[in-house]
Amino acid sequence: MNAFRDPPIRPEYELALVLPPAGVAAAQMQAASKGCSPPAGFAWLRKAGMLLVLAVIWELLARWYDNDLLLPTALQTGRALIDGIASGELFGYIAVSFAVLTQGYLMGVAGAFLLTWLAVSNRAGRELIETLTSMFNPLPAIALLPLALLWFGLGKGSLIMVLMHSVLWPLTLNASAGFRAVPETLRMAGRNYGLGGLRFVLQILIPAALPAILSGLKIGWAFAWRTLIAAELVFGTTSGQGGLGWFIFQSRNELFTDKVFAGLAAVIIIGLAVENIVFQTLERVTIRRWGMER
């Protein structure tokens with residue numbers, strides 16, 4: 001009787017009996033990397049060390065050049081940045097920029113998902129979106145600013161138009177590619193469970209295409225942020241209120257070069273904060289947690 005007993009199940013196959021394929025892959029990668037990957041805090045220390053080295057190089061170069069009007073030192077820039085934050089001046093400019101950026105970004109995201117839905121609904125829609133993205137994606141958003149000023153005048157509408165353009169096409173391109181890359185077996189599994197219409201999109205297509213969608217959101221954010229600063233540098237205030245780009249432009253006119261560098265530092269710090277706090281958190285709680293990315 002013992003000769004006909006089932007052989008013992010090996011541990012790796014035992015894991016496959018209780019976890020879905022994505023969970024198996026994640027568990028195997030976690031087991032393989034356990035004990036050899038450095039703690040997450042070390043990454044922050046390395047990045048901080050890199051920034052410190054760059055600051056030291058900047059300080060030494062500025063002291064060697066010895067011209068505060070053209071190249072202020074890192075310490076002078078740091079003092080100007082701290083003074084702007086302590087007085088609340090920088091926060092006012094940043095708040096104006098973020099108010100416009102949020103509106104333009106959200107409208108661009110909404111338009112991108114509408115175009116993506118059109119692209120995945122039928123062949124004619126896909127060909128239309130491919131043509132439009134080929135035409136408008138290479139077009140710099142700032143190049144549309146003269147036309148936006150002609151249509152909407154010197155106000156918030158002009159900025160929102162160029163921000164929508166900077167977000168719309170890269171996000172549409174990434175989201176469409178992500179939806180087309182969803183495996184047919186996963187689509188069939190969703191249909192076998194009776195999913196259709198909006199439920200099929202929300203429960204099958206979007207989770208499977210989430211890496212491409214998040215990549216498009218990050219690219220759209222970066223394009224929108226730099227487009228906004230450039231647009232504010234071009235025509236300054238919006239309805240009597242200036243943003244961070246206007247702060248940089250005004251400081252340059254008044255020959256406060258340390259404030260110019262402080263404004264540029266604020267642009268970089270905000271970009272790093274959004275990337276590492278917002279998007280990294282989204283990736284960690286979604287695609288990394290699901291085992292879709294290492």
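Owing to the predicted nature of the structure, the values given are computational and were not obtained by experimental measurement.

A. A look at the packing of helix H4 (residues 74-87) against helix H13 (residues 257-285). Closest axis-to-axis distance for the H4/H13 pair is 8 Å, and the angle between their directions is 75°. With respect to H13, the axis of H4 lies roughly perpendicular. The residues of H13 that touch H4, namely those facing Gln76, Thr77, Ala80 and Leu81, are Asp258, Lys259, Phe261, Ala262, Ala265, Ala266 and Ile269. Here the residues of the contact of H4 with H13 sort into seven nonpolar, two polar and two charged.

B. Looking closely at the nonpolar core. Counting residues in hydrophobic clusters, the biggest one holds 55 residues, and the most contacted among them are Tyr105, Leu217, Trp221, Trp225 and Leu244. If you list the elements that add at least two residues to this core, you get H4, helix H5 (89-121), helix H7 (145-152), helix H8 (156-180), helix H10 (197-208), helix H11 (210-235), helix H12 (244-253) and H13. With residues up to four places along the chain from it excluded, the contact list for Tyr105 reads Val167, Leu217, Gly220, Trp221, Ala224 and Phe279.

C. A look at the packing of H7 against H8. At a closest axis distance of 8 Å, the pairing of H7 and H8 adopts a crossing angle of 140°. One way to sum up the angle between H7 and H8 is to call them oblique. For H7 against H8, the interelement crossing comes out right-handed. When H7 is examined against H8, the residues Leu145, Ala148, Leu149, Trp151 and Phe152 are found in contact with a partner set consisting of Gly157, Ser158, Met161 and Val162. Partitioning the contact of H7 with H8 into residue classes produces seven nonpolar, two polar and no charged.

D. Up close: unusual backbone geometry. For Asp66, which is not glycine, the phi torsion reads 55° and is therefore positive. Within the secondary structure, Asp66 is located in the loop between helix H3 (40-65) and H4. Even without glycine at this site, Leu255 takes up a positive phi of about 60°. The topology assignment puts Leu255 in the loop between H12 and H13.

E. A look at the pattern of salt bridges. Throughout the structure, instances matching the rule amount to four salt bridges. With a shortest N-O distance of 2.7 Å, Arg63 and Glu59 are connected by a salt bridge. Taken together, the residues Arg63 and Glu59, both in helix H3 and four residues apart, mark about one turn of the helix. On the basis of relative accessible area, Arg63 is assigned to the exposed category, the value being 53%. Residue Glu59 is classed as buried on the basis of its relative accessible area, which comes to 11%. A salt bridge links Glu283 to Lys218, with the nearest nitrogen and oxygen atoms 2.8 Å apart. With Glu283 in helix H13 and Lys218 in helix H11, the pair connects residues that are 65 residues apart, well separated along the chain. The buried category is assigned to Glu283, whose relative accessible area is 7%. With a relative accessible area of 21%, Lys218 lands in the partly exposed category. Members of the salt-bridge network, linked through shared partners, are Lys218, Glu275 and Glu283.

F. Local environment of the confidence of the model for the protein chain. Of all residues in the protein chain, 82% have pLDDT values of 70 or greater, and the mean over the chain is 79. Here residues 1-37 is modelled with pLDDT under 50, and outside its nearest four sequence neighbours on either side it reaches 11 contacts, counting other chains as well.

G. Seen up close, the packing of aromatic side chains. One pass over the full model with this rule turns up seven aromatic pairs. Ring geometry for Tyr93 versus Phe247: centroids 5.2 Å apart, planes at 45°, classification tilted. Taken together, the residues span a long stretch of sequence, with Tyr93 in helix H5 and Phe247 in helix H12 at a distance of 154 residues. On the basis of relative accessible area, Tyr93 is assigned to the buried category, the value being 16%.

Conventions used here
- Residues numbered from 1 in each chain as written.
- Predicted model: local features only at pLDDT ≥ 70, side-chain atom pairs only at ≥ 80, totals over all residues.
- Heavy atoms only, no water.
- Axes fitted to C-alpha atoms, helices over the stretch in contact; angles between N-to-C directions.
- Helix = DSSP H or I, 4+ residues; strand = E, 2+ residues; numbered from the N terminus.
- Parallel < 35°, antiparallel > 145°, perpendicular 65-115°, else oblique.
- Contact = heavy atoms within 4.5 Å.
- Nonpolar A, V, L, I, M, F, W, Y, C, P; charged D, E, K, R; others polar.
- Core = buried A, V, L, I, M, F, W, Y, C linked by side-chain atoms within 4.5 Å.
- Buried < 20%, exposed > 50% of the residue type's maximum accessible area, 1.4 Å probe, protein only.
- Left-handed = near helix turned anticlockwise from the far one by under 90°.
- Salt bridge = Lys/Arg side-chain N within 4 Å of Asp/Glu carboxyl O.
- pLDDT = per-residue confidence, 0-100.
- Phe/Tyr/Trp six-rings, centres within 6.5 Å; stacked < 30°, edge-to-face > 60°.

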